[in-house]
Amino acid sequence: LGHRSKVQVFARLSCARKSVILSGNIGQDVSEHKIFGFEIWQVFPSLFVPHDHRGNSKSTVLASIGADDSVPLRSFTLLAFGELMRFEAPTRELMKLWVTALETLDNVCSSGYSLLNMAQPENRSDDGMGKLGQYCAGILGVWRKYFAHKAMCLCDEGATMTLTWMEVENALNHLQVDEGRREEARSYFNDVCGGMPNKFAEENLLRLLQQLTNSKEQQQFSQRHFSSLPLKRLAEIQNEKYSSGEIARFLSMASEHCPKLERKVENLTNVEISRMLRSEANVLLDVDRAYDDMTHPLSHYWIASSHNTYLEDPQFLSQSCCRMYVVVLSHGCRSVELDVWDGPSGDPVITHGYAGCTDVSFDYVCKAIEAHAFESTDYPLILNIRQHCAARNLHKQAATLRKVFGDKLLTPEIDKETRLPKRDDRGNPLGCLPSPAEARGRIIVQCEVTGVPGFDGIIAMPTKKAQIQHLLEDYSRTERQVTVVDEHDLRTVISSSTHETQASFTSKHLLRAYPQGIKLGASNPPDVAAFWAAGVQMVALNYLTIDQAFILNEGLFAVNGGSGYVLKPPCLLDPRVAPKKANISLIVLSGYRLPGGNADILKPKVRVTVCSPAGCTNQETKAAGGGFGPIWETPMQFETDNYDMTHLLFEVIHSNEETICHHAIPLRFARQGYRVVPLLGAAISVPVKHALLLVKLDCTFA
């Protein structure tokens, strides 16, 4: 375990407590840690690449990715409670056993529904609400069971399956119930126990959560917003069609505590409307609009792209490893970077040149990519090779790429006499690249032409460095050619050109932008929205840094099924289409099950940032008490000159300015009306189970 060291641990699975218990010796200390099933966010086999005391990769372990079949893949990664833990099992069979066990434990403790499942085409219907009866577990049912079990596991220190009042208080702290609700909870505890210890069980905790959920404050909130809201009016606000049968089925299945309806549903009660709107089937993302036509040329898409993919840390004195390719590919990235240099032994290696970074074998990286290239999406993967090698290593690279990727490698048409790619009179490769749909499951090599026939024969996308003065006027390039430019030069180009010029160029030609190389850290450009608005297809980001640019990138590529390709809007595909101006009216209403920060009880506020080509503006709510069910009801107004290029960023912030969780979405994919915003953890950017914001969104066009 650990970032740069290996520690032997012993693990045992406790079925009764639904947890994994890890113990091990670290120096003279004996430590033990318990991981509950509800804390497990993701488990996946991975490449564990340890380093010796000099920072050099150990080839014996690297061989486990396929260089030597006698050394099997024995490692896996566990993402739990916001931390990454990497394990290497003694045998491959034990690795598979533990991965299966941990995944099962996670499934047992999960809620049984997820946004990812809801987003799949086979789980969507045309009734305007989706399969509500199946996927809307509702606010009164599943989440309470989940959190009651979670609090019971964490706070039952004696494993007696009952709680003392002190343990109940700890559970309420964990659930972010503010101090003002403790008297009500203590009264219920006394009623249950009647002075007798060891009587307050998990079912009592579940009923207490039900009582706290139906508080007077929450009832008044529902009354203010939903008491005089007929179903017909709600349908108009939501811009959806609600059938009576679907509503009745949804409400009857939303919770075991909700009685079946014995009446018509033209007019729902405020509690029923509130329950329906706060379900995770009512998410802000318009799932029905979030699947794109994948038959356009590549230049018509934004493509999820990574910069310095191989680095574990900021670019100076960092470790280079295979594992980062696995992590980035698991995020749906479709363009990864390989900086290739002549290694000390004469073979090609990947590293950041002149920065004191360690290196990793080009051969090992290719095998890691091949093993994980299409696990999250099967749309084409682009290998952006930045070449620094001598001719002898170019031949080795070509041989490795052909051997590892085989028929998956998309290569240009070769002239039989010259053995070079066929080119037109201007020296450009003939023909256009296929669409994402046509190139499914293929690997595309992007690199500068080297003049070495064996290597140039596998370059499907030649790279050309930008001539800034005439970048957007240079129409000699074909779609197959990629122009690369750093963020500083790109800003110069954008500021000195019109929208029509930018759209005309990028609708036919590929651009790749990357962060400036002089940075000491791994920060990303703050104005990525402006880069996308200029039509730049590949805005390469450091996936190491969860900053605003990364979060917006994550929100953009969450649409279209997480394929890593998003079709650009009409104003970027046709220069004659002008951007649309819009007024954005937003009300941040309330929050639910917000995770705690470093403080005992969260004092959350919500910051909403609107990012457009013109820049970013934000507004905040006031702080509320506790994360259990805060109410803000804060109206906000924004304007944008380019509706299709605008992004919404929601951040839940503690009063000490610590960001707790976030969510980003392109405005054009956001549904209007009352919607819930599912939240991602700030530290590791994965979904926080059941944590939601309730907002009301309305956009009007100027």
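Structural data are supplied above this passage.
Residues numbered from 1 in each chain as written. Predicted model: local features only at pLDDT ≥ 70, side-chain atom pairs only at ≥ 80, totals over all residues. Heavy atoms only, no water.

Caption draft 1: Representation of the overall build of the protein chain within the structure. Counting secondary structure elements, the protein chain contains 21 helices and 27 strands. Looking at the protein chain residue by residue over its 702 residues, the buried ones come to 57%. Long-range contacts, defined here as pairs at least 24 residues apart, represent 70% of the contacts in the protein chain between residues at least 6 apart. With an accessible surface of roughly 29,800 Å², the protein chain has 51% of that area assigned to carbon and sulfur atoms. (Helix = DSSP H or I, 4+ residues; strand = E, 2+ residues; numbered from the N terminus. Buried < 20%, exposed > 50% of the residue type's maximum accessible area, 1.4 Å probe, protein only. Contact = heavy atoms within 4.5 Å. Areas by Shrake-Rupley, 256 points an atom, 1.4 Å probe, with all protein chains shown as cover.)

Caption draft 2: Region of the structure containing the sheet that holds strand E20 (residues 582–592). The strand order across the open sheet formed by eight strands is E22-E21-E24-E25-E26-E27-E20-E23, and the pairing between neighbours is antiparallel. Each end of this open sheet is capped by a strand with a single partner; those strands are strand E22 (615–620) and strand E23 (631–640). Strand-to-strand twist in this sheet, taken as the mean axis angle between neighbours without regard to direction, amounts to 30°. Taken together, the seven bridges between strand E26 (residues 673–681) and strand E27 (residues 687–701) define a ladder with antiparallel strand orientation. Note on E27: the bridge partner recorded for Gly 673 is Leu 697. Here helix H9 (residues 216–226) sits on the sheet and contacts E20, E23, E26 and E27; the angle it forms with E23, its principal contact strand, is near 40°. Sitting on the sheet, helix H20 (residues 548–556) is in contact with strand E21 (605–612), E22, strand E24 (647–653), strand E25 (659–666) and E26, with an inclination near 50° to E25. (Pairing = 2+ DSSP bridges. Axes fitted to C-alpha atoms, helices over the stretch in contact; angles between N-to-C directions.)

Caption draft 3: Spatial organisation of the state of the cysteines. Scanning the model with the defined rule gives zero disulfides in all. With no disulfide partner, Cys 322 has as its closest neighbouring cysteine sulfur the one in Cys 321, 6.9 Å distant. (Disulfide = S-S within 2.5 Å.)

Caption draft 4: Seen up close, the nonpolar core. Counting 74 residues, the largest nonpolar core has Val 336, Leu 338, Ile 369, Leu 383 and Leu 401 as the members making the most contacts within it. At six residues, helix H14 (residues 362–372) tops the list of elements feeding residues into this core. Apart from residues lying up to four places away in sequence, Leu 383 is in contact with Val 336, Leu 338, Ile 369, Leu 401, Phe 405, Ile 443, Ile 444, Val 445 and Gln 446. (Core = buried A, V, L, I, M, F, W, Y, C linked by side-chain atoms within 4.5 Å.)

Caption draft 5: View of the environment of Ala 670. Here Ala 670 is to be found in the loop between E25 and E26. Each C-alpha atom, one on Ala 670 and one on Asp 698, is 9.9 Å from the other, the two residues being 28 residues apart in sequence. Apart from the residues lying within four places of it in its own chain, the contact partners of Ala 670 are Leu 284, Ile 665 and Leu 697.

Caption draft 6: Fine view of the packing of helix H7 (residues 182–193) against helix H8 (residues 202–213). The N-to-C vectors of H7 and H8 enclose an angle of 145°; their axes lie 11 Å apart at closest approach. Handedness of the H7/H8 crossing: right-handed. Taken together, the residues of H8 that come into contact with H7 (itself represented by Glu 184, Ala 185, Tyr 188 and Val 192) are Asn 204, Arg 207, Leu 208, Gln 211 and Leu 212. Here the contact of H7 with H8 is composed, by residue class, of five nonpolar, two polar and two charged. (Left-handed = near helix turned anticlockwise from the far one by under 90°. Nonpolar A, V, L, I, M, F, W, Y, C, P; charged D, E, K, R; others polar.)

Caption draft 7: Geometry of the packing of aromatic side chains. Within the structure shown, the criterion is met by eight aromatic pairs. Where Phe 189 meets Phe 200, the ring centres are 5.2 Å apart and the plane angle is 45°; that geometry is what we call tilted. With Phe 189 in helix H7 and Phe 200 in the loop between H7 and H8, the pair connects residues that are eleven residues apart, well separated along the chain. In terms of burial, Phe 189 and Phe 200 fall into one category: buried. Ring geometry for Tyr 643 and Phe 701: centres 4.8 Å apart, planes at 80°, overall edge-to-face. Remark: Phe 701 occurs in strand E27 and Tyr 643 occurs in the loop between E23 and E24; sequence separation between them is 58 residues. Residue Phe 701 is classed as partly exposed on the basis of its relative accessible area, which comes to 43%. Connected via pairs of aromatic rings, a cluster forms that spans Trp 165, Tyr 188, Phe 189 and Phe 200. Taking NZ or CZ as reference, Arg 386 lies 5.6 Å from the ring centre of Tyr 514, over its face. Sitting over the ring of Phe 628, Arg 593 keeps its end group 5.1 Å from the ring centre. (Phe/Tyr/Trp six-rings, centres within 6.5 Å; stacked < 30°, edge-to-face > 60°. Lys NZ or Arg CZ within 6 Å of the ring centre and 35° of its normal.)

Caption draft 8: Region of interest: the pattern of salt bridges. Within the structure shown, the criterion is met by 16 salt bridges. When the shortest N-O distance is used, the salt bridge between Arg 607 and Glu 620 registers 2.8 Å. With Arg 607 in strand E21 and Glu 620 in strand E22, this pair connects stretches of sequence that are 13 residues apart. The class for Arg 607 is buried, based on a relative accessible area of 18%. (Salt bridge = Lys/Arg side-chain N within 4 Å of Asp/Glu carboxyl O.)

Caption draft 9: Layout of the environment of Pro 604. As for its placement among the helices and strands, Pro 604 is situated in the loop between E20 and E21. When the C-alpha positions of Pro 604 and Lys 622 are compared, they lie 8.2 Å apart, and in sequence the two are 18 residues distant. What Pro 604 contacts, discounting residues up to four positions off in sequence, is Leu 594, Lys 622, Ala 623, Ala 624, Gly 626, Pro 630, Trp 632, Val 652 and Ile 653.

Caption draft 10: The environment of Pro 635, seen in detail. With respect to the helices and strands, Pro 635 occurs in strand E23. Of the residues examined, Pro 635 reaches a relative accessible area of 59% and is grouped as exposed. With 61 residues separating them along the chain, Pro 635 and Lys 696 place their C-alpha atoms 9.1 Å apart.

Caption draft 11: Region of interest: the side chain of Asn 553. Relative to the helices and strands, Asn 553 is located in helix H20. Excluding its chain neighbours within four sequence positions, the residues that come into contact with Asn 553 are Trp 532, Leu 541 and Tyr 543.

Caption draft 12: Highlighting the pairing of strand E15 (residues 461–465). Relative to E15, strand E14 (residues 443–447) is paired through two bridges, and the arrangement is parallel. Note that in E15 the partner of Cys 447 across the bridge is Pro 462. The pairing of E15 with strand E16 (residues 482–486) spans three bridges and is classified as parallel. For Lys 464, the partnering residue across the bridge sits in E16 and is Thr 483.

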